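Below, each chain spelled out in residue letters.
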Amino acid sequence: MSVTEPPASPSDLRALAEQSSAWPFEQAKAIVARLKKKPKDEVLFETGYGPSGLPHIGTFGEVARTTMVRHAFRVLTEDKIKTRLLAFSDDMDGLRKVPDNVPNKELLEQYLGKPLTKVPDPFGTHPSFGAHNNARLRVFLDTFGFDYEFVSSTDYYTSGKFDVTLLKMLERIEKVMAIMLPSLREERAASYSPFLPICPRTGMVLYVPIVAHDVKSGTISYDDPETRERVTLPVTGGHCKLQWKPDWAMRWTALGVDYEMAGKDLIDSVKLSGKICAALDGTPPEGFNYELFLDEQGQKISKSKGNGLTIDEWLRYASPESLSLFMYREPKAAKRLYFDVIPRNVDDYQQFLEGFPRQDGRQQLGNPVWHIHSGHPPKADMPVTFQLLLTLVSSSNAENASTLWGFIGRYRPGVTPESHPKLDAMVGCAINYYRDFVAPTKKFREPTDGERAALQDLRDALANMPAESSAEEIQNVVYEIGRREPFLDPVKKGKDGRPGVSLDWFNMLYQVLLGQEKGPRFGSFVAVYGLANAVAMIDGALARSA
């Protein structure tokens, strides 16, 4: 089927976008409404990153999702308003604890409390730990081709870019304190100040009471906790930084941020920072609170713990597009971010891509691939599914790509690694995934007497089929053999009106024959694997259970 023609003009596309309920458009509409109240020539999107640990997929996800909203906004405004995306790194924060997933931990322990850009790099590749993590983030973002500007908190504080707003924060410190103090425990409230001096003697970020402040001179004073000497510092020029909620508000005000999303765990922080931003005569940005990513045990993923998946790990087993799909889906629902979510997202991406040409313009704007590819998804050209590749690896114990390509070439003549480089990459990913996750957990179960009889009948039926039988013809035979107790499904009906076949039949085939719980459509698998190979596999299973 031919690809649906895109709307003829930006105004046609905008008209469709205005009717779309896809979440990036819903978010973008809020920014459009914001501009009607307060027009601007440029809209600034921002994402934040705390480089106290190696960046994880959650960090990537915030940039990916914000990029989708940015593109949706450009469509709604026909690209007539300039947009920018700042990827902001809070690298002036003090190192509070040593991450679990870095080398040379004893080196970092000596620098606890110092700004991350003053902490040595335990990997030995960059001037500081903050610089190392910033570089890792940029490599990840560049891999996906994001259009962004990287910003270092240290650079902005020390260069004076924040000075005007820092002085305003000092001028209105009583208002800021009135917003913050009710949110703090009594003990912390007694010594709280939005300003954190950088100790000129030790270079540490100090959490100390501020004993005096002078708006006219733009300074704060504190008592050195070790020497007891009174120290006075300007709040400008990088001599101080702000506690993170006032810092967030200051940044929104100083830069004029229009959109920034944040995790659900920061809902209260967003509200407080919004109030402080307003107290500084700023307008809090639009945005929403996304749900958190969870690891295998259902715990929040953390940069310092290193739990959950890294971007490098995902890309070892799957395509970048499948990761983008995972980020697009249900941003307000908590999701496990573990290896078992990968196969579904790989194959679902292909299904969305294959369905795109058959959709009308409005439906296309609701298709995830439209947002993943900024309105220009590529042509679908993936002859086999990832799940099918995994099953082929599992059934043949393939240790190299050439074995898999032998099956693929017979099933799809003319399809080669050269003609389908993305499929070739997916073959490598499937082998990696099988070795690391499927093979170690493989467990064949014994068939019951009734299942043995069904397997024997299936073996004989497949043995009598012509070698050139199609996947659909094979599937029909498999279905018919399974139409018996205990696999009958009285609720489902076959095309002939007779009782259908439950999933238990197909699940049994994978559990007994392949030692895995699930698999692709069995007829498609046999068509690729080969009828003779499938018969031999059933013979092996029957012999094991004899």
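Residues numbered from 1 in each chain as written. Predicted model: local features only at pLDDT ≥ 70, side-chain atom pairs only at ≥ 80, totals over all residues. Heavy atoms only, no water.

> Hey, could you run me through the overall build of the protein in this one?
Per the secondary structure count, the protein includes 24 helices and 14 strands. Within the span of the protein, comprising 546 residues, buried residues form 51% of the whole. Within the protein, counting contacts between residues at least 6 apart in sequence, those at least 24 apart form 67% of the total. Split by element, the accessible area of the protein, about 25000 Å² in all, is 51% carbon and sulfur. Charge separation in the protein, taken as the distance between the mean sites of 66 positive and 70 negative side-chain charges, equals 3 Å. (Helix = DSSP H or I, 4+ residues; strand = E, 2+ residues; numbered from the N terminus. Buried < 20%, exposed > 50% of the residue type's maximum accessible area, 1.4 Å probe, protein only. Contact = heavy atoms within 4.5 Å. Areas by Shrake-Rupley, 256 points an atom, 1.4 Å probe, with all protein chains shown as cover. Lys, Arg positive; Asp, Glu negative; His and termini not counted. Charge placed at Lys NZ, Arg CZ, Asp CG, Glu CD.)

> When you look at the sheet that holds strand S2 (residues 82-89) in this model, what are you seeing that I'm missing?
Sheets are built from strands paired through backbone hydrogen bonds, the pairs being either parallel or antiparallel. Spatially, three strands are ordered S1-S2-S3 in an open sheet, and the strand pairing comes out parallel. In this open sheet, the two edge strands, each paired with only one partner strand, are strand S1 (42-49) and strand S3 (149-152). Looking at each pair of strands side by side, their axes are set apart by 30° on average, direction ignored. Direction of pairing for S2 relative to S3: parallel, over a ladder of four bridges. Along S3, the bridge assignment pairs Ala87 with Phe150. Its contacts with the sheet place helix H3 (residues 57-76) against S1 and S2, and it is angled at close to 170° to S1. (Pairing = 2+ DSSP bridges. Axes fitted to C-alpha atoms, helices over the stretch in contact; angles between N-to-C directions.)

> Even after reading the chapter, I still don't get the sheet that holds strand S5 (residues 212-214), so can you show me in this structure?
Read across the open sheet, the three strands follow the order S5-S6-S7; overall the sheet is antiparallel. Each of the sheet's edge strands pairs with one partner strand only, and the pair in question is S5 and strand S7 (230-234). Between one strand axis and the next, the sheet turns by 20° as a mean value, whatever way the strands run. The pairing of S5 with strand S6 (residues 219-223) spans three bridges and is classified as antiparallel. The partner of His213 across the bridge, within S6, is Ile220.

> Help me understand the pairing of strand S13 (residues 488-493), please; the structure alone is not making it clear to me.
Regular strands place their side chains on alternate faces of the sheet. In this structure, S13 lies alongside strand S14 (residues 499-501), joined through three bridges in antiparallel fashion. Following the sheet pairing, Asp489 is matched in S14 by Gly500. Linkage of S13 to S14, two consecutive antiparallel strands, is achieved through a turn of five residues, within which Gly497 is found at a positive phi near 90°.

> What should I look at first to understand unusual backbone geometry in this one?
Cis geometry marks the peptide bond from Glu485 to Pro486, where omega comes out at 5°. Looking at where Pro486 falls in the secondary structure, it is placed in the loop between helix H21 (471-481) and S13. Not every positive phi belongs to a glycine, and Asp79 is a case in point at roughly 60°. Residue position: Asp79 is located in the loop between H3 and S2.

> What is the right way to look at the environment of Ala30 in this model?
Mapped onto the fold, Ala30 is located in helix H2 (residues 23-37). Separated by ten residues in sequence, Ala30 and Ser20 place their C-alpha atoms 13 Å apart.

> Can you help me understand the side chain of Ser502 in this one?
By secondary structure assignment, the location of Ser502 is in the loop between S14 and helix H22 (503-513). The class for Ser502 is buried, based on a relative accessible area of 12%. Setting aside residues no more than four positions away along its own chain, Ser502 makes contact with Phe487 and Asp489.

> Quick question: what am I supposed to make of the packing of aromatic side chains here?
Within a pair of aromatic rings, the relevant descriptors are the distance that separates the centres and the angle that separates the planes. One pass over the full model with this rule turns up 27 aromatic pairs. Consider the rings of Phe407 and Tyr529, whose centres lie 5.4 Å apart with planes at 50°: the pair is tilted. Here Phe407 is found in helix H18 (residues 401-411), whereas its partner Tyr529 is found in helix H23 (residues 522-529), with 122 residues between them in sequence. Accessibility expressed as a relative area gives 10% for Phe407, which makes it buried. Judged by its relative accessible area of 9%, Tyr529 is buried. A connected cluster of aromatic rings, assembled from ring pairs, spans Tyr317, Tyr338, Phe339, Phe386, Tyr433 and Phe437. Over the ring of Tyr156 we find Lys161; its NZ or CZ atom is 5.2 Å from the centre of that ring. Over the face of the ring belonging to Phe326 we find Lys335, whose NZ or CZ atom lies 4.3 Å from the ring centre. (Phe/Tyr/Trp six-rings, centres within 6.5 Å; stacked < 30°, edge-to-face > 60°. Lys NZ or Arg CZ within 6 Å of the ring centre and 35° of its normal.)

> Help me understand the pattern of salt bridges in this model?
Pairs can form between side chains of opposite charge whenever their charged atoms are close. Counted under the stated rule, the structure contains 34 salt bridges. A salt bridge links Glu78 to Arg14, with the shortest nitrogen-to-oxygen separation between them at 2.6 Å. In this pair, Glu78 is assigned in the loop between H3 and S2 and Arg14 in helix H1 (residues 10-19), connecting sequence segments 64 residues apart. The exposure class of Glu78 is partly exposed, given its relative accessible area of 22%. Judged by relative accessible area, which is 24%, Arg14 ranks as partly exposed. The salt bridge partner of Glu291 is Lys264, with a shortest N-O separation of 2.9 Å. Placement of Glu291 in the loop between strand S10 (289-290) and strand S11 (293-294) and of Lys264 in the loop between strand S9 (262-263) and helix H11 (267-279) is noted, with a sequence separation of 27 residues between them. On the accessibility criterion, Glu291 (17% relative accessible area) is buried. Taken together, the shared-partner salt bridges connect Arg14, Glu18, Glu78 and Lys80 into one network. (Salt bridge = Lys/Arg side-chain N within 4 Å of Asp/Glu carboxyl O.)

These values are about where atoms sit, not about what they do.
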